Amino acid sequence: MGHAEADLAQMLDTGPFHLALRAALAVRGLPLQRVQHHLAHRGIKVGVTSLSYWQQGARRPQRPESLRAVRALEDVLGLPGNSLVRLLHKDDVDDGCAERERSSKGAHRSGAVERLVAGLGYPADGGLHTVGHHERVRVGAQRQLLGRDSQLVVRAHGHGVDRYLAVHHGAPGCDPAAVQVNALEDCRTGRVRRDRASGIVVAELLFDRRLGAGETYVFGYGFEDGTGGPSTEYTQAFGFAGGQYTLQVRFDDGTPLPVRCHRFSEGTTGAPRGPRTALTLSRRHRTVHIVEQRVRPGVLGIGWDWV
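> Can you explain the nonpolar core? Please cite residues and give values.
One finds Phe17, Leu21, Leu39, Leu51, Trp54, Leu73 and Leu84 to be the most contacted residues of the largest nonpolar core, which totals 28 residues. Residue assignment for this core shows that the elements contributing at least two residues are α1 (3-14), α2 (17-28), α3 (32-41), α4 (48-56), α5 (64-76) and α6 (83-101). Of the residues forming this core, the biggest block, 7 residues, is contributed by α2. Beyond its immediate chain neighbours, meaning those up to four positions away, Leu84 contacts Leu12, Phe17, Ala20, Leu21, Val70, Leu73, Glu74 and Leu79.

> Lay out unusual backbone geometry with the relevant residues and their values.
The phi dihedral of Asn82 falls on the positive side, at around 75 degrees, and the residue is not glycine. With respect to the helices, strands and loops of the structure, Asn82 is situated in the loop between α5 and α6. Among the residues examined, Asn82 registers a relative accessible area of 44% and is labelled partly exposed. Located in the positive-phi region is Arg286, a residue other than glycine, with phi close to 60 degrees. In this fold, Arg286 is placed in the loop between β11 (277-279) and β12 (287-292).

> Could you give an account of the packing of α2 against α4, naming the residues involved and the relevant values?
Across the interface, α2 lies against α4 with an axial gap of 6 Å and an inter-helix angle of 115 degrees. Note on element contacts: α4 touches α2 through Trp54, Gln55 and Gln56, opposite Phe17, His18, Leu21, Arg22 and Leu25. The residue inventory of the contact of α2 with α4, partitioned by class, reads 4 nonpolar, 3 polar and 1 charged.

> Hey, could you go over α2 for me, with residue numbers and the actual values?
An ideal rise of 1.5 Å per residue puts 16 Å on 12 residues; α2 measures up with 17 Å between its terminal C-alpha atoms. Among the 12 residues in α2, 9 count as buried, and that is most of the element. Within α2, the full set of buried residues consists of Phe17, His18, Leu19, Ala20, Leu21, Arg22, Ala23, Ala24 and Leu25. Once α2 ends, the next one or two residues include Gly29, with phi positive near 70 degrees.

> Just give me the short version of the sheet that holds strand β6 (residues 200-211), but keep the residues and values in it.
Working definition: the strands of a sheet are paired by backbone hydrogen bonds and lie parallel or antiparallel to each other. Read across the open sheet, the 3 strands follow the order β3-β6-β5; overall the sheet is antiparallel. Of all the strands in the sheet, the pair left with one neighbour each is β3 (161-169) and β5 (188-195). Shown here is a sheet whose adjacent strand axes are inclined to one another by a mean of 20 degrees, direction ignored. By the bridge criterion, 8 bridges tie β3 to β6 in an arrangement that is antiparallel. Following the sheet pairing, His168 is matched in β6 by Val201.

> Can you break down the pairing of β5 residue by residue, with the values?
Inspection of the sheet shows β5 paired to β6 by 6 bridges, in the antiparallel sense. Across the sheet, the residue bridging to Val192 is Ala203, located in β6. Linkage of β5 to β6, two consecutive antiparallel strands, is achieved through a turn of 4 residues, within which Gly199 is found at a positive phi near 70 degrees.

> Can you lay out the environment of Gly229 for me, pointing to particular residues and giving the numbers?
With respect to the helices and strands, Gly229 occurs in the loop between β7 (216-224) and β8 (233-238). Taking the relative accessible area as the measure of exposure, Gly229 reaches 23% and is therefore partly exposed. The spatial distance from the C-alpha of Gly229 to the C-alpha of Leu145 is 7.9 Å, given a sequence separation of 84 residues. Once residues lying within four places of it in the same chain are set aside, the contact partners of Gly229 are Arg143, Gln144, Ala171 and Pro172.

> Explain the pattern of salt bridges residue by residue, including any values.
Enumeration over the complete set of coordinates arrives at 17 salt bridges. The salt bridge involving Arg163 is made with Asp162; its shortest N-O contact spans 2.8 Å. For Asp162, a relative accessible area of 14% puts it in the buried group. A salt bridge links Arg210 to Asp162, with the shortest nitrogen-to-oxygen separation between them at 3.7 Å. Taken as a pair, Arg210 in strand β6 and Asp162 in strand β3 lie far apart in primary sequence, 48 residues in all.

The rules behind each value
- Residues numbered from 1 in each chain as written.
- Predicted model: local features only at pLDDT ≥ 70, side-chain atom pairs only at ≥ 80, totals over all residues.
- Heavy atoms only, no water.
- Core = buried A, V, L, I, M, F, W, Y, C linked by side-chain atoms within 4.5 Å.
- Buried < 20%, exposed > 50% of the residue type's maximum accessible area, 1.4 Å probe, protein only.
- Helix = DSSP H or I, 4+ residues; strand = E, 2+ residues; numbered from the N terminus.
- Contact = heavy atoms within 4.5 Å.
- Axes fitted to C-alpha atoms, helices over the stretch in contact; angles between N-to-C directions.
- Nonpolar A, V, L, I, M, F, W, Y, C, P; charged D, E, K, R; others polar.
- Expected span 1.5 Å × (residues − 1).
- Pairing = 2+ DSSP bridges.
- Salt bridge = Lys/Arg side-chain N within 4 Å of Asp/Glu carboxyl O.

Here's what the structure looks like:
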């Protein structure tokens with residue numbers, strides 16, 4: 001199975017709907033005009049603009065005639081019956097759970113991210129699928145979040161993608177104005193937006209060229225922080241399903257090591273956490289890590305207890 005087929009299989013399993021539709025269109029090699037033509041032959045009228053909005057996530061098919069079109073799309077694209085319709089239902093359930101269960105703090109942070117990203121004029125997923133992400137987090141001698149570095153491998157969904165949006169969530173007491181953004185490898189820093197109330201920084205990382213559909217790109221970036229209070233966890237949120245994610249936390253030589261560390265996850269940002277899983281801390285190297293082979297929408301993190 002090739003990369004595109006593997007991505008399609010994963011998207012049909014995990015969603016969300018618009019990424020699964022986009023992946024199916026890419027694998028079948030059908031332009032939207034041809035898809036519209038095939039649907040018309042089945043007696044279904046859908047505009048190219050609507051199809052484009054569906055695959056971008058800008059709009060969702062909800063009316064009965066739109067759902068009929070989605071079922072026909074499964075046939076046109078050679079997909080298992082009910083595969084796209086199931087994802088629409090799954091997305092609705094996930095969105096409802098997130099709305100009901102999100103904590104006020106989580107909702108505030110999520111809203112801040114959405115405002116900052118919208119202000120930069122980005123689509124929901126930025127046109128990229130994450131193939132691999134290795135993140136290294138540093139905790140300082142005062143137990144503060146000193147900073148983090150990331151190396152990513154991404155694949156473009158369409159033609160012309162030339163940037164990535166990185167989001168940094170500071171610890172309580174963080175001063176976003178003092179957080180430094182570093183373009184470390186094969187990218188440069190573009191626009192940066194900060195929200196003081198939530199401690200969030202959103203940074204644009206610019207590639208050196210525009211990517212073609214299906215093309216991969218490797219780059220690295222980091223944030224230097226150290227402005228917040230004592231840290232007891234680090235989390236990474238995933239809006240969409242993706243590839244492998246590795247999180248490694250290193251504790252400074254100048255601070256006593258935590259007495260215990262654990263892995264946790266949330267199905268949606270702010271939702272109740274699942275059971276904790278104990279992690280082994282390397283006392284010699286002062287590190288702890290997790291590896292997730294295929295991330296799903298939600299939150300992954302490592303927590304630790306100082307005493």
